[in-house]
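# Secondary and tertiary structure notes
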Amino acid sequence: MTLDATSQFIEQFNASYEQKHKAFEDNFWSTKMNLKGCSSDELTRTKNELDAFLGDETLLARVQQLLAAGGLTPENEKTLKIFERTFKCYIITDKEGVAMREELNRLEAKLAEDRRAFKLGYKDPVSGTFVEASSVQLRSIMRTSENEALRKACFDGMRSIGPFVAPQFVEIVKLRNKLARSLGFECYYDMKVTAAEGFGKHTLFPMLEKLVTRSKGIRDKALATLAKEKGESALQPWNMGYALAGDLSALQDPYFPFETAVNAWARSFAALGITYEGATMRLDLCDRQGKYSNGFCHWPQPAWVSSTRGWVPSQANFTSLATPGQVGSGHTALVTLMHEGGHAAHFANVRQPSPLFSQERAPTSIPYAENQSMFLDSLVGDAAWLGRYALSKEGKVIPWELVEREIRSLHNYKVFALTSMLAVPFFERGLYDMPEDKLTVDAMLKLADQVELDVQGVLSSRPLLSVPHPLTDESAAYYHGYILADCAVHQTRRHFLKKYGSLVDKEKIGADLKKIYWQPGNSRMFLDLIKEMTGSELSGDAWIEMMEQNVDELVIEEKKAFEEAVKKGPKYGPKDNVDLDMRVILVHGDEVISDSKECKGGLTEACEKFEEWIGVNFHAKK
């Protein structure tokens, strides 16, 4: 096929971007997973090359020249406009700015390397010996252990992260602000939110402040209720998670076996009509020493439609931090699978004429991306989902009594999830608003505690400086996206409940998500897509209404949904071979556990091999 000059330029540009994007993402994965041969220097080099490509002024000038000439096909015009939008997020015109960006890449890679090597853990309250544990393990113990002294030791371990990262992070914050101000922005946070959302921090934070104000009364009531029911000590950060969960996590644990989590996720998504359009997904699900301390999903190969190669399916790298056998690990893994698998489904279904439409960085809206994953992971909390998919190894459904107990135990405290999320952007705003001569390690640590007290009402079991997002450019000034996304999640849930009557195993929901939310990629603005899907402007109304719902009314609704779910059962059973139109490779670091492409039984057989591997490598070692 012969291409005109504009189409040739677009195709060549796409190929060049695709190569540089993949080189960086391959190194991102290898360093975050701590694979053999991983190199922080290579990560920095490939990040600099990608940044340099996206910051190339001559390419922007060529794009603008083609746009000004006119006579373009609608598709070429749309593609050139996303090129222009993307360039404007990254172009730095002066050599000093480029040098600052490269230095930031080096500093962030060094901090990530040091954080990965940091000996995190707790001091055993009985023996006094130091026990290594990841942040995920520390938080899990705080939620599930009956031993308060052990919970306190784990909290102290979490608190040790802040003083360790702060000295390097202070210098990164200063340099980020210097770079942003050289580009004409008020601060780094203003630069990041403007690039991703198209509006600045002075538009964003009034929205967040409204949520703080509307939720404060609910928060204070919840804290008072918790103290009254469980005692004042329940408000201590090392006790709060346990006071909320108590022995519930342990009682529910048999119905969320870690080794069957992949199977449950695959069947649940298949029943929603979700497919991955020929994608390949690499899953690294278990925690280990040196592994990055947060789940994520990235795309070394974005999905797009090439004018010469046709459909290019996505490749996704997906990780979680489960410790099989630890109480709560199965539930955590399942929620992570639903969440990150939701990201993967979204980006696998973007069908546009350039990989720039389907990559997760600016100008892709953060809440647009998070809305997809958070909507899908929200299903795990629904009685209609639990009645179908929360099964023990023996195939027994979770008892209604445990579901009701969870509702009554947690519903009045769901506001804590909101305030925990709100604390992160307010902490980051405080950092970037702080005068440089006032920004010290001590000031950073004090700010973190003060924001927790102001927004959450108490110190958090997850100290703000233990949250990994602010430390790297990809996820810094990002957390507000989860909050706006949660507003969209509750609005979307309300829309689908009105349209279809229920959410679980509704095949038409997958079709609606694909058509309205997923296929456009970042060619459409987040707020416009929410309005198209739900018929209303984005607001926090549905979220606040959920938190204000009377718990007795909620129990009646959920019991009916649960009984119907148990009676009907899931659309696909545990042994059914579901087809997500995706190759799944299950790995543990450098080790390949199973590959659905190599299994005659497809994904179902790959899941069975994974279950066997867990049995040998975790359960058998106990």
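In the block above lies the structure referred to throughout.
To keep things clear, this report deals only with the structure shown in the data block.

## Examining the overall build of the protein
A tally of helices and strands in the protein yields 25 helices and nine strands. Relative to its length of 622 residues, the protein is compact, with a C-alpha radius of gyration of 24 Å against a globular reference of 25 Å. Across the protein, the fraction of contacts at a sequence separation of at least 24, relative to all contacts at a separation of at least 6, is 76%. Accessible surface for the protein amounts to roughly 25200 Å². Of this, 51% is attributable to carbon and sulfur atoms. Of note, the protein has its 76 positive side-chain charges centred 1 Å away from the centre of its 86 negative side-chain charges.

## A closer look at the side chain of Glu452
Take Glu452: it is sitting in helix H19 (residues 441-456). Despite its burial, Glu452 pairs with no opposite charge; the closest candidate is Arg159, at 5.0 Å N-O. In this structure the side chain of Glu452 is engaged in a polar contact, spanning 3.0 Å, whose partner is the backbone nitrogen of Leu464. Here Glu452 is in contact with Gly457, Val458, Leu459, Ser460, Arg462, Pro463 and Leu464, once residues within four sequence places are set aside.

## A word on the packing of helix H8 (residues 161-182) against H19
At a closest axis distance of 9 Å, the pairing of H8 and H19 adopts a crossing angle of 110°. As the angle between them shows, H8 and H19 are arranged roughly perpendicular. As for the relative orientation of H8 and H19, their crossing is right-handed in sense. Here Gly162, Pro163, Ala166, Pro167, Phe169, Val170 and Val173 of H8 come into contact with H19, specifically with Val441, Met444 and Leu445. Residue composition of the contact of H8 with H19, grouped by class: nine nonpolar, one polar and no charged.

## Thoughts on the sheet that holds strand S7 (residues 315-322)
Strands sit in the order S4-S7-S3-S8-S9 across an open sheet of five strands; the sheet is mixed. Looking along the sheet, the strands with just one partner apiece sit at the ends: strand S4 (296-301) and strand S9 (591-595). Sheet twist, expressed as the mean angle between neighbouring strand axes with direction ignored, is 25°. With four bridges joining them, strand S8 (residues 582-588) and S9 adopt antiparallel strand pairing. For Ile585, the partnering residue across the bridge sits in S9 and is Asp595. Strands in contact with helix H14 (residues 329-348) are strand S3 (279-286), S4 and S7; relative to S7, the strand with the most contacts, it is inclined by about 165°.

## Side note on the packing of aromatic side chains
Evaluated as defined, the whole model comprises 26 aromatic pairs. For the pair Tyr188 and Tyr432, a centre-to-centre distance of 5.1 Å together with 40° between the ring planes defines the contact as tilted. Of the two residues, Tyr188 is situated in helix H9 (residues 188-197) and Tyr432 in helix H18 (residues 415-433); the sequence distance between them amounts to 244 residues. Neither Tyr188 nor Tyr432 differs from the other in exposure class; each is buried. Summarising the aromatic geometry, the rings of Phe205 and Phe426 are spaced 5.3 Å apart at their centres and angled 75° between planes, so their arrangement reads as edge-to-face. Here Phe205 is found in helix H10 (residues 201-230), whereas its partner Phe426 is found in helix H18, with 221 residues between them in sequence. Classification of Phe205 by relative accessible area gives buried; the value is 2%. These aromatic residues form a ring-pair network of at least three members: Phe9, Phe13, Phe53, Phe83 and Phe87. In this structure, Arg62 packs its charged tip against the face of Phe9, placed 5.9 Å from the ring centre. Sitting over the face of the ring of Trp311, Arg351 holds its NZ or CZ atom 4.0 Å from the ring centroid.

## Structural notes on the pairing of S3
Taken residue by residue, a regular strand's side chains alternate between the two faces of the sheet. In terms of residue burial, S3 counts as a mostly covered element, since six of its eight residues are buried. Relative to S8, S3 runs parallel, the two being bridged by six bridges. Within S8, the residue paired with Arg282 across the bridge is Ile585. Here S3 runs beside S7; their pairing, made up of six bridges, is parallel. Residue pairing across strands places Cys286 opposite Ala322, the latter belonging to S7.

## Digging into the nonpolar core
Residues Phe83, Trp265, Tyr276 and Trp385 are the most contacted members of the largest nonpolar core, which totals 199 residues. For this core, the element with the most residues is H18, which contributes eleven residues. If sequence neighbours within four positions are ignored, Trp385 has contacts with Phe256, Ser268, Leu334, Met338, Leu379, Val380, Ala390 and Val504.

## Things to note about the environment of Ala149
Within the fold, Ala149 resides in helix H7 (residues 148-159). On the basis of relative accessibility, which here comes to 39%, the residue Ala149 falls in the partly exposed class. Between the C-alpha atom of Ala149 and that of Ser249, which follows or precedes it by 100 residues, the distance is 19 Å.

The rules behind each value
- Residues numbered from 1 in each chain as written.
- Predicted model: local features only at pLDDT ≥ 70, side-chain atom pairs only at ≥ 80, totals over all residues.
- Heavy atoms only, no water.
- Helix = DSSP H or I, 4+ residues; strand = E, 2+ residues; numbered from the N terminus.
- Rg over C-alpha atoms; globule rule 2.2 N^0.38 Å.
- Contact = heavy atoms within 4.5 Å.
- Areas by Shrake-Rupley, 256 points an atom, 1.4 Å probe, with all protein chains shown as cover.
- Lys, Arg positive; Asp, Glu negative; His and termini not counted.
- Charge placed at Lys NZ, Arg CZ, Asp CG, Glu CD.
- Buried < 20%, exposed > 50% of the residue type's maximum accessible area, 1.4 Å probe, protein only.
- Salt bridge = Lys/Arg side-chain N within 4 Å of Asp/Glu carboxyl O.
- Polar contact = N/O pair within 3.5 Å; in protein donor to acceptor, adjacent residues only side chain to side chain.
- Axes fitted to C-alpha atoms, helices over the stretch in contact; angles between N-to-C directions.
- Parallel < 35°, antiparallel > 145°, perpendicular 65-115°, else oblique.
- Left-handed = near helix turned anticlockwise from the far one by under 90°.
- Nonpolar A, V, L, I, M, F, W, Y, C, P; charged D, E, K, R; others polar.
- Pairing = 2+ DSSP bridges.
- Phe/Tyr/Trp six-rings, centres within 6.5 Å; stacked < 30°, edge-to-face > 60°.
- Lys NZ or Arg CZ within 6 Å of the ring centre and 35° of its normal.
- Core = buried A, V, L, I, M, F, W, Y, C linked by side-chain atoms within 4.5 Å.

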